[in-house]
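Take a look at the letters that make up each chain.
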Amino acid sequence: MFHSFSNRSTLIKKRTRKLGFKYFLRAPIIRNCTPRLVDSGLLILSKHPIIEYDFLLYSTSNSYDSLAAKGAIYARVLSNNDSVIHIFNTHLQATYMNSYYDDVEARNEQVYEFLTFVEEQTCNDLHPIFLMGDLNFNPSDPMYTELVDNLNAFDNVKSVLDVTDQSTFRGSIFNSDCYQKLDYMFLIEKENSEVAIDINADVIHYLVDEQPFAAISDHSAIYSDVYIVDKE
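Computed from a predicted model, the values in this text were never measured in an experiment.

Calculation criteria
Residues numbered from 1 in each chain as written. Predicted model: local features only at pLDDT ≥ 70, side-chain atom pairs only at ≥ 80, totals over all residues. Heavy atoms only, no water. Salt bridge = Lys/Arg side-chain N within 4 Å of Asp/Glu carboxyl O. Helix = DSSP H or I, 4+ residues; strand = E, 2+ residues; numbered from the N terminus. Core = buried A, V, L, I, M, F, W, Y, C linked by side-chain atoms within 4.5 Å. Buried < 20%, exposed > 50% of the residue type's maximum accessible area, 1.4 Å probe, protein only. Pairing = 2+ DSSP bridges.

## Some words on the pattern of salt bridges
Piece 1. Following the criterion strictly, the structure yields three salt bridges and no others.
Piece 2. E52 is the partner of R76 in a salt bridge, and the nearest nitrogen-oxygen pair spans 4.0 Å. In this pair, R76 is assigned in strand β4 (residues 71-78) and E52 in strand β3 (residues 50-57), connecting sequence segments 24 residues apart.
Piece 3. Ionic pairing is found between R76 and D125, a salt bridge with its closest N-O pair at 3.3 Å. With R76 in strand β4 and D125 in the loop between α2 (100-122) and β6 (129-134), the pair connects residues that are 49 residues apart, well separated along the chain.

What follows is the structure, encoded as structure tokens:
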């Protein structure tokens, strides 16, 4: 949800506030980083207080993505039972046919920067961690394994849905046979954590009828209910 040259994120902020999402975090506009003309489009809305936050600007990007300030945002959220939740949202380098190998190299470097960022923000506590965003790679990509293994992350969608139900990218808002899983929500539970997590997940495709397009976005949404309770 870019807010460079657009008021959409401001409108979302106003409308969701009426629904109880009083806390709002978005990535900054990086005005001194030519040629980055737009922000990263990252946004976190919360009904619970955001008590700390940070932003990571990736040091490398390629092709058309160089025009955006690609990065990751972090929110430390205080839940109802005074438990802390770490939330990270990122959008990694996309892959373009005319620059495929350079795009993959840039995305791989971003993954390693993201892993370091997560570790720096969460290394001193046992609170649960949620990683989410458009990672622009499939589960068969080596960087998927790199991320999961390095962080001991749990792929919420993969755990509860059949493989055929996991696609989150259709390639176009029009009818398309290009189905891929590029969007994720990972959970990381630390050893000796004082809370237990119960979670489910679903992919919502937002298909529409009687329109010149098949869906309101080329990406589907990941929906999840998360229950956090103190361990007895």
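Now that the structure has been shown, we can carry on.
## Some points on unusual backbone geometry
Piece 1. With a phi angle near 55°, S63 is a residue other than glycine that sits in the positive phi range.
Piece 2. Tracing the chain through its elements places S63 in the loop between β3 and β4.
Piece 3. One non-glycine residue, N136, lies in positive phi territory at about 60°.
Piece 4. Secondary-structure assignment places N136 in the loop between β6 and α3 (142-151).

## So, the nonpolar core
Piece 1. F88, F114, L131, F137, L147, L151 and F186 are the most contacted members of the largest nonpolar core, which totals 24 residues.
Piece 2. Secondary-structure elements contributing two or more residues to this core are β4, α2, β6, α3 and β8 (183-188).
Piece 3. Core analysis: the second largest hydrophobic core is formed by 16 residues, L25, F130, I199 and I228 among them.

## What to know about the sheet that holds β6
Piece 1. On the basis of which strands lie adjacent, the open sheet formed by six strands has the order β3-β4-β5-β6-β8-β7 and mixed pairing. Each of the sheet's edge strands pairs with one partner strand only, and the pair in question is β3 and β7 (154-155).
Piece 2. Bridge analysis of β7 against β8 gives two bridges, and the strand direction is antiparallel. The residue bridging D155 from the neighbouring strand is F186, located in β8.

By themselves, these are just geometric observations and shouldn't be taken as functional.
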